[in-house]
Number of protein chains: 2
Amino acid sequence: MYDLIIIGGGPAAAGAAVYAGRKLLSTLVVTKDFQGQSFVSPDIRNWIGEVSISGMDLSEKLEEHVRNQPGVTVKNDEQVNRIEKTADGYQVKSDKDSYTSRTVIVASGGRRKKLQVPGEEELDGLGVAYCATCDAPLFEDEDVAVIGAGNSALETVIDLSSYARKIYVITRGERLKGDPVNRRKVEDLPEDRLTLITNATVQAIQGEKQVEGLRYYDKSAREEKTIEVTGVFVAIGSVPNSGMVGQLVDMNTSGEIIVDHKTGLTSDSNIGAAGDVTDDPFKQNNIAVAGGIRAALSLYSRLLDMKKYSPCSEPEDCDESA
Amino acid sequence: MYDLIIIGGGPAAAGAAVYAGRKLLSTLVVTKDFQGQSFVSPDIRNWIGEVSISGMDLSEKLEEHVRNQPGVTVKNDEQVNRIEKTADGYQVKSDKDSYTSRTVIVASGGRRKKLQVPGEEELDGLGVAYCATCDAPLFEDEDVAVIGAGNSALETVIDLSSYARKIYVITRGERLKGDPVNRRKVEDLPEDRLTLITNATVQAIQGEKQVEGLRYYDKSAREEKTIEVTGVFVAIGSVPNSGMVGQLVDMNTSGEIIVDHKTGLTSDSNIGAAGDVTDDPFKQNNIAVAGGIRAALSLYSRLLDMKKYSPCSEPEDCDESA
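What comes next is a walk through the structure. (Residues numbered from 1 in each chain as written. Chains lettered and ligands numbered in written order. Predicted model: local features only at pLDDT ≥ 70, side-chain atom pairs only at ≥ 80, totals over all residues. Heavy atoms only, no water.)

1. As for the pattern of salt bridges
Residues and elements named next belong to chain A. Stated precisely, the cut-off is as follows: Take a side-chain nitrogen of Lys or Arg and a carboxyl oxygen of Asp or Glu: if they are within 4 Å of each other, that pair is a salt bridge. Burial here depends on accessible area, computed with a 1.4 Å probe over protein chains only, as a share of the maximum for the residue type. Under 20% is buried, over 50% is exposed, and the range in between is partly exposed. By the criteria applied, helices consist of DSSP H or I runs no shorter than four residues and strands consist of E runs no shorter than two, each listed in order from the N terminus.
Inspection of every chain in the model, using the stated rule, returns 32 salt bridges over all chains. Residues R45 and D43 are paired through a salt bridge, measuring 2.9 Å at the closest nitrogen-oxygen approach. According to the relative accessible area criterion, R45 is partly exposed, its value standing at 31%. Overall, the relative accessible area of 35% leaves D43 in the partly exposed class. Across the pair R67 and E63 runs a salt bridge whose closest N-O atoms are separated by 2.8 Å. Separated by 4 residues within a single helix, R67 and E63 lie in helix α2 (residues 55-67), roughly one turn from each other.

Following this line, the structure appears as structure tokens:
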């Protein structure tokens, strides 16, 4: 039985794992991969301490720091499907195995929202994309649409602007959101390269073997319109990966786990949660890290209180030099 | 008039400044220096993303990131003494000048506690030290005392163990605190090099032109005792630098500024606070960063609500390429 199981591989999980390791908790990290949602960002400029870092490099640094903790075991390439309460703790079930622990931190992040319109699934990878870092270079000199109005949409446009010929940005509301610095970069693109279509709802992505166009409803003109594009980048935000928690802890109507922002603990005080899976109003890498640390330190106190806890009674469990 | 004045130069201030910069707030950072309290750590192993980094290197990275923000002005080598409320915001008075702003973030950190015993001030720099990183090499083959029981004391011992001949650790309570990994490193030192003196109160640091000894009261034996040492490292924690706030915001009995841990705002909702100056139970670098970001993003919303805010109406105020 572990002291702590951490579910996830992004910044929240990394913060929790490093601190749990230093507290000599016997810790298991179960994660599909070590890629937070910003893994796809080509150029993160708000990871404090680095003027500029790619999402890929950041993920690697986080993973290295976690793997450097002697008392922390990592199960990679495993998806947790369920957490269940047992007599003396929790059972965490993945698609490969099952583990028990006294406490749990849910740091499973969020996933990109889909448009859920005809053509989106059929043409996924055939012009429909969710990751500009990965796919922008495929659209050199082509016309593409970006769906969304927030930072992830703006960053997608900025990234595409090095490749695509013309970019349509399609927003449901009346204007672009996101950081002013990003907005300005987008608005500074020449008119013949950027067309902003506001008050619009995407109805379908068209094409036989690959994307050929996009149909949307123009709410102002009250009519359907079509544009010819060979790429559609969907950047409309994310939903929390909280399904595995079931009814164990309180959630809000968006499915986000409600946490005490001082302790990082949930309505079940032996379960912590951190990062994009929670109701934290600010979905940011540095804030996720801090949430993970907070939850780990709070559960460390809980474990001491339980008096069930003897940190590394067998030193070889924790100490790599043993 | 600035949108935001940030007081401080540690990780909380850096988090706030970078995010304020990206939100194109006209921002002023006023700080004595860019040295958080962990500036003196030789080897930080819990700054998430870096397996190991010195406090000095971390401070440099934070400063570089802040100075890289076009809309952020930095006043270095200035000590803020007072914040006062004005009709439309705040006046921030330093030892050199005075500035006005619509909102403020207090990220002024804490400072090392002193023993306040005879000899401490007189022999400061003559054997009395507060920074092992800086001063440990001066005590090669000498006998030294470390006062304290927490992580900063343990790290001081670890640092000194490469230099000093014998180390006395003097604690008021019955045992060492701090992280088990640090505790183990200290307890693994050979007996002839480490003597742990518990239940002891330091009474005086002795010496004429430099430290020659230390007198303490042994609470168990109920008698005064003396040890011969040439160095005394004081590592008994810190107190919040909250004096400049006066009565503007609510504080707890320790003088820590009480914040809403979800928003990072104080009892005055146009003043945020973050890091070691607050009542955050966890005084950690990564948590301070997140607190600064939280306060900056909350005040950004406040500024938009005030409708007084037009971000960078003069682009050259913000854009370094202008």
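There's more to say after this.
2. A short note on the relation of the copies chain A and chain B
Which entries qualify depends on this criterion: Least-squares fitting of one copy onto the other uses the C-alpha atoms of those residues that reach a pLDDT of at least 70 in both copies. We call two residues in contact when some of their heavy atoms are within 4.5 Å.
Between the two copies, chain A and chain B, the superposition gives an RMSD of 0.1 Å; the rotation angle is 180° and the shift along the axis is 0.0 Å. What the superposition gives is, in effect, a two-fold axis relating one chain to the other. An overlap of 100% is found between the interface residues of chain A and their copies at the interface of chain B, pointing to a shared contact surface.

3. Quick word on the side chain of A:D279
Applicable threshold: In this tally Asp and Glu are treated as negative and Lys and Arg as positive; neither His nor the chain ends contributes. A 3.5 Å cut-off defines polar contacts: any pair of N or O atoms within that distance qualifies, except that in protein one atom must be a possible hydrogen donor and the other a possible acceptor, and neighbouring residues in sequence count only when both atoms are side-chain atoms.
Tracing the sequence through the fold places A:D279 in the loop between β17 (271-273) and α6 (285-306). The buried charged residue A:D279 lacks any salt bridge partner; its closest oppositely charged side chain belongs to B:K262, at an N-O distance of 4.1 Å. Among the polar contacts made by the side chain of A:D279, one reaches the main-chain amide nitrogen of A:V259 at a distance of 3.3 Å. Side-chain polar atoms of A:D279 contact the side chain of A:H261, separated by 3.5 Å. Once residues lying within four places of it in the same chain are set aside, the contact partners of A:D279 are A:N252, A:E256, A:I257, A:I258, A:V259, A:H261 and B:K262.

4. Focus: the nonpolar core
Quick reminder of the rule: What we call a nonpolar core is a set of buried Ala, Val, Leu, Ile, Met, Phe, Trp, Tyr and Cys residues that are connected through their side-chain atoms within 4.5 Å.
By size, the foremost hydrophobic cluster in this structure holds 76 residues, and its most contacted members are A:I105 and B:I105. In contact with B:I105, not counting residues within four places along its chain, are B:L4, B:I5, B:I6, B:I7, B:A16, B:G272, B:G292, B:A295, B:A296 and B:L299.

5. Quick notes on unusual backbone geometry
What you tend to see is this: most non-glycine residues have negative phi, and most peptide bonds are trans. Residues and elements named next belong to chain A. Phi is positive for D141, which is not a glycine, with a value near 65°. Checked against the element boundaries, D141 lands in the loop between α3 (132-135) and β9 (143-147). When its relative accessible area of 56% is taken as the criterion, D141 is described as exposed.

6. What to know about the packing of aromatic side chains
Residues and elements named next belong to chain B. Using the following cut-off: For this analysis, a ring pair means two rings from Phe, Tyr or Trp (six-membered ring only for Trp) whose centres lie within 6.5 Å, classed as stacked if their planes differ by under 30 degrees, edge-to-face if by over 60, and tilted for the remaining angles. Charge-over-ring contacts are defined here by two conditions on Lys NZ or Arg CZ: a distance within 6 Å of the ring centre and an angle within 35 degrees of the ring normal.
Under the definition given, this model contains 2 aromatic pairs over all chains. Between F139 and F233, the aromatic rings sit 5.3 Å apart at their centres with planes inclined by 70°, giving edge-to-face as the arrangement. Of this pair, F139 sits in the loop between α3 (132-135) and β9 (143-147) while F233 sits in strand β15 (residues 231-234); the two residues are 94 residues apart in sequence, bridging distant segments of the chain. Accessibility expressed as a relative area gives 6% for F139, which makes it buried. Lying over the aromatic face of Y168, K166 brings its terminal NZ or CZ to 5.4 Å of the ring centre.

7. Quick notes on the sheet that holds strand β12 (residues 200-206) of chain B
Residues and elements named next belong to chain B. Just so we agree on the cut-off: Any two strands with at least two DSSP bridges between them are considered paired. Each axis is a line fitted through C-alpha atoms, taken for helices only over the stretch in contact, and angles between the N-to-C directions span 0 to 180 degrees.
Taking strand neighbours across the sheet as the criterion, the 3 strands line up as β12-β13-β14 in an open arrangement whose pairing is antiparallel. This sheet does not close on itself; its edge strands, each paired only once, are β12 and β14 (223-228). Each strand axis lies, on average, 25° off the axis of its neighbour in the sheet, ignoring direction. Sheet topology places β12 next to strand β13 (residues 213-218); 6 bridges connect them, and they run antiparallel. From the neighbouring strand, I205 faces β13, where its bridge partner is L214.

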